[in-house]
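Summary of the model geometry
Chain residues, written in single-letter form:
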Amino acid sequence: MKNLTENHTKNRIVYLDNDEIADPCKVINLFFDACSLPEHLDTLREWRDDVAFGTGHTRKRSPDNLLFDYELTVRLVEAAWLLKGQKIGKLSIDKESSKVAKWYIRAEKKKFGHYPRNLDCRETLKPSLVLKNIFKPYNVTEYRKILNKWLYDALSMNFLEESHSKYEVITVYEQLVKLFEATWLIKQRFKYR
C-alpha cells in the first residue's frame, strides 16, 4: 500500500484542469498557441543559461514572462505524463525501410515551417517515444521541483551556482528540448491529417 501511495504522489497532476486531464492534447495546442517552437526553444535556452551561468538575461526578462514560461512548461510535462503510454503522432513506416523514413522526414521538413533538430530518426517517426523516455531520469514531481528551483533562481538577483548540479541542468534542458520538439511534431501531424 505504501508503494502505491508513493507512486501516486510522485506523479500527481497539479497544474492541469479536468478538461486538460481528459484531453492532454489541449495542453500541447495551448503551448504552441502561446509561442512557436523556435521561440520556446530560445526561451528555454535563456532560462537554462540564467540558472546555470547567472547571465544578465534575467534582468531583461520580466518576472511575469518567467512565471508564464514556467507554468506552460510544467503543464506540458504533466500532459506528457498523461500521454506517455499512447502511440500519438506515430508514422506508420516500417523500421526496415530507412530510405522511406528519411524520404518522408525530408518531405515533412519542407511541409512544416520549423522542424526538430534534436530528435533522432526513431524519435521523429515516433514522437511518443520521447514522451515515455523523458520520465526515465525524473518523474513529474521531480521535474516540477527542479523547474520551480529554476524559476526562483532566474527571478533572484543573486546567482546561486551551488543550487544546481551541472548534470541536472543539462539533463533537464536536453529532455525539455526533446519534449518541445516531439509535442510540436505531434501537433503538426494532427493538424495536417
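Before any of the text, the structure's been laid out above.
Residues numbered from 1 in each chain as written. Predicted model: local features only at pLDDT ≥ 70, side-chain atom pairs only at ≥ 80, totals over all residues. Heavy atoms only, no water.

**Remarks on helix α3 (residues 25-34)**
To keep things clear, this is the line we draw: Only protein chains enter the area calculation, which uses a 1.4 Å probe; residues under 20% of their type maximum are buried, those over 50% are exposed, and those in between are partly exposed. Helix and strand assignments follow DSSP, with helices taken as H or I runs no shorter than four residues and strands as E runs no shorter than two, numbered in order from the N terminus. This arc is taken over the directions from the axis of the helix to the C-beta atoms.
Looking at α3, one finds that the buried residues are Cys25, Val27, Ile28, Phe31 and Phe32. Down the axis of α3, the buried side of the element spans an arc of 155 degrees, and every buried residue falls inside it.

**Looking at the layout of surface pockets**
What counts here: Of the grid points, spaced at 1 Å and generated over the protein atoms alone, those admitting a 1.4 Å probe that cannot get out make up cavities, while open sets with protein on both sides within 12 Å along at least five of seven lines make up pockets; any residue with an atom within 4 Å of a point is treated as lining. Grid points are joined across faces, edges and corners, and a volume is the space filled by probe spheres set on the points.
In this structure, the largest pocket occupies an estimated 300 Å³ of space. For the lining of the largest pocket, the secondary-structure elements that each account for two or more residues are α4 (37-53) and α11 (166-191).

**With respect to the packing of α3 against helix α6 (residues 63-83)**
As a reminder of what qualifies: To get an axis, fit a line to the C-alpha atoms, keeping to the stretch in contact for a helix; angles then go from 0 to 180 degrees between the N-to-C directions. Angle categories are assigned with fixed cut-offs, so that under 35 degrees is roughly parallel, over 145 is roughly antiparallel, 65 to 115 is roughly perpendicular, and the rest are oblique. With the far helix as reference, a near helix turned anticlockwise by less than a right angle produces a left-handed crossing, and one turned clockwise produces a right-handed crossing. Two residues form a contact once any of their heavy atoms are found within 4.5 Å.
Where α3 contacts α6, the axes come no closer than 9 Å and their chain directions differ by 150 degrees. If you check the angle between α3 and α6, you find them roughly antiparallel. The handedness of the crossing between α3 and α6 comes out as left-handed. Along its contact with α3, which presents Cys25, Val27, Ile28, Leu30, Phe31 and Ala34, the element α6 presents Phe68, Leu72, Thr73, Arg75, Leu76, Ala79 and Leu83.

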